[in-house]
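Chain by chain, the residues:
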Amino acid sequence: NAGVTQTPKFQVLKTGQSMTLQCAQDMNHEYMSWYRQDPGMGLRLIHYSVGAGITDQGEVPNGYNVSRSTTEDFPLRLLSAAPSQTSVYFCASSYAVTNYGYTFGSGTRLTVV
Amino acid sequence: AQSVTQLDSQVPVFEEAPVELRCNYSSSVSVYLFWYVQYPNQGLQLLLKYLSGSTLVESINGFEAEFNKSQTSFHLRKPSVHISDTAEYFCAVSSRYNFNKFYFGSGTKLNVKP
């Protein structure tokens, strides 16, 4: 089925470890974004991309890296995990953000111990 | 930058009663406004949006929202809720000049009781 696929669904990391959250979409969407969702704080934008090779920072980019080498994939890298990065991470994509909004993946629940 | 305030973190309501979920935003530029819904253990889904034109917008499942520029609000309403409307609702804003960057409110959990 077409949509946004995030892997893994759950992950536990130790402080200082690094990892990559994967995000793939098969809808040929230009726009992709990463959000983190924390209780009582809604969703906060980490990084976003307007096309292959183009990325930019959102509200809370520190501690995260992204790259967009293809239209389909937009991985999020945690460089050195910290307990403050415990959160639910959502990837989203859109063909035309204003007309159709974002299509969200089902999320990755990350715990850093 | 824009910001969004959802004053009510939780709204309990009985089935078939009306409901209003409040959303206020701040922005120095023209905005696009959105409501998203999140069912348990799922990602967010677009419920409705205001881009321009009529200030009253509707969704296919009976929700509506009205853009009020003077009060910088975009409240979500439904005249009669169902159990299946139980979910968390997020208001979001983006700027017409940088529409890729969405700013979300903290969410309102709607709990519909039988």
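This text follows the structure it describes.
Residues numbered from 1 in each chain as written. Chains lettered and ligands numbered in written order. Predicted model: local features only at pLDDT ≥ 70, side-chain atom pairs only at ≥ 80, totals over all residues. Heavy atoms only, no water.

Caption draft 1: Summary view of the overall build of chain A. Within chain A one finds 1 helix and 11 strands. Beginning at the N terminus, the succession of helices and strands in chain A can be written as β-β-β-β-β-β-β-β-β-α-β-β. For 113 residues, the compact-globule estimate of 2.2 N^0.38 gives 13 Å, and chain A sits close to it at 13 Å. C-alpha atoms of chain A, sized along the principal axes, occupy 40 × 30 × 30 Å. A total of 113 residues make up chain A; the buried ones form 50% of that total. Considering only contacts in chain A between residues 6 or more positions apart, those separated by 24 or more positions represent 53%. (Helix = DSSP H or I, 4+ residues; strand = E, 2+ residues; numbered from the N terminus. Rg over C-alpha atoms; globule rule 2.2 N^0.38 Å. Buried < 20%, exposed > 50% of the residue type's maximum accessible area, 1.4 Å probe, protein only. Contact = heavy atoms within 4.5 Å.)

Caption draft 2: Just the pattern of salt bridges, in detail. As enumerated under the stated definition, the model contains 6 salt bridges over all chains in all. As a salt-bridge pair, A:Asp38 and A:Arg36 come within 2.9 Å of each other at their nearest N and O atoms. In this structure, B:Asp85 and B:Lys78 form a salt bridge, with 2.8 Å as the shortest nitrogen-oxygen distance. Look at B:Lys78 and you get buried, because its relative accessible area is 5%. Among the charged side chains, a salt-bridge network with shared partners connects A:Arg36, A:Asp38 and A:Arg44. (Salt bridge = Lys/Arg side-chain N within 4 Å of Asp/Glu carboxyl O.)

Caption draft 3: Local environment of the state of the cysteines. Tallied over the full model, the rule gives 2 disulfides over all chains. Bridging A:Cys23 to A:Cys91, the disulfide has an S-S length of 1.9 Å. Torsion about the S-S bond of the A:Cys23 and A:Cys91 cystine: about -70°, corresponding to left-handed handedness. A residue pair is termed long-range when its members are at least 10 positions apart, and A:Cys23 in strand S3 (residues 19-25) and A:Cys91 in strand S9 (residues 87-94) qualify at 68 residues. Of the residues examined, A:Cys23 reaches a relative accessible area of 1% and is grouped as buried. A relative accessible area of 0% means that A:Cys91 is categorised as buried. Disulfide pairing places B:Cys23 opposite B:Cys91 at an S-S distance of 1.9 Å. Judged by the sign of its S-S torsion, about -65°, the bond between B:Cys23 and B:Cys91 is left-handed. With a gap of 68 residues between them, B:Cys23 in the loop between strand S3 (19-21) and strand S4 (24-26) and B:Cys91 in strand S10 (residues 87-95) connect regions that are remote in the sequence. Assessed through its relative accessible area of 0%, B:Cys23 is described here as buried. Here B:Cys91 falls in the buried class, since its relative accessible area comes to 0%. (Disulfide = S-S within 2.5 Å.)

Caption draft 4: Local environment of the sheet that holds strand S1 (residues 4-7) of chain A. Residue and element names in this part refer to chain A. Strand order in the open sheet formed by 4 strands is S1-S3-S8-S7, and the pairing between neighbours is antiparallel. Of all strands in the sheet, those with a lone pairing partner are S1 and strand S7 (64-66), marking the two edges. Sheet twist, expressed as the mean angle between neighbouring strand axes with direction ignored, is 20°. (Pairing = 2+ DSSP bridges. Axes fitted to C-alpha atoms, helices over the stretch in contact; angles between N-to-C directions.)

Caption draft 5: Inspection of the environment of A:Thr108 at higher detail. Residue and element names in this part refer to chain A. Here Thr 108 lies in strand S11 (residues 108-112). Among the residues examined, Thr 108 registers a relative accessible area of 0% and is labelled buried. Taking the C-alpha atoms as reference, Thr 108 lies 13 Å from Leu 78; in sequence the two are 30 residues apart. When neighbours within four sequence positions are excluded, Thr 108 is seen to be in contact with Gln 6, Thr 7, Pro 8, Lys 9, Leu 21, Ser 87, Val 88 and Tyr 89. For Thr 108, the side chain forms a polar contact with the main-chain oxygen of Pro 8, separated by 2.6 Å. (Polar contact = N/O pair within 3.5 Å; in protein donor to acceptor, adjacent residues only side chain to side chain.)

Caption draft 6: Structural view of the interface of chain B and chain A. Each partner contributes residues to the interface: chain B has 21 residues there, and chain A has 24 residues. When the two sides are added together, the surface that chain B and chain A hide from each other amounts to roughly 1,700 Å², 60% of it contributed by carbon and sulfur. For the pair chain B and chain A, the interface holds 0 salt bridges. For the pair chain B and chain A, the interface holds 2 residue pairs in polar contact (both at pLDDT 80 or more). When residues of the side of chain B that touches chain A are assigned to their parent elements, the largest contribution, 7 residues, is made by strand S11 (residues 98-104) of chain B. Each residue belonging to the side of chain B that touches chain A can be placed in one class, and the counts come to 11 nonpolar, 7 polar and 3 charged. (Buried area = accessible area lost by both parts, 1.4 Å probe. Nonpolar A, V, L, I, M, F, W, Y, C, P; charged D, E, K, R; others polar.)

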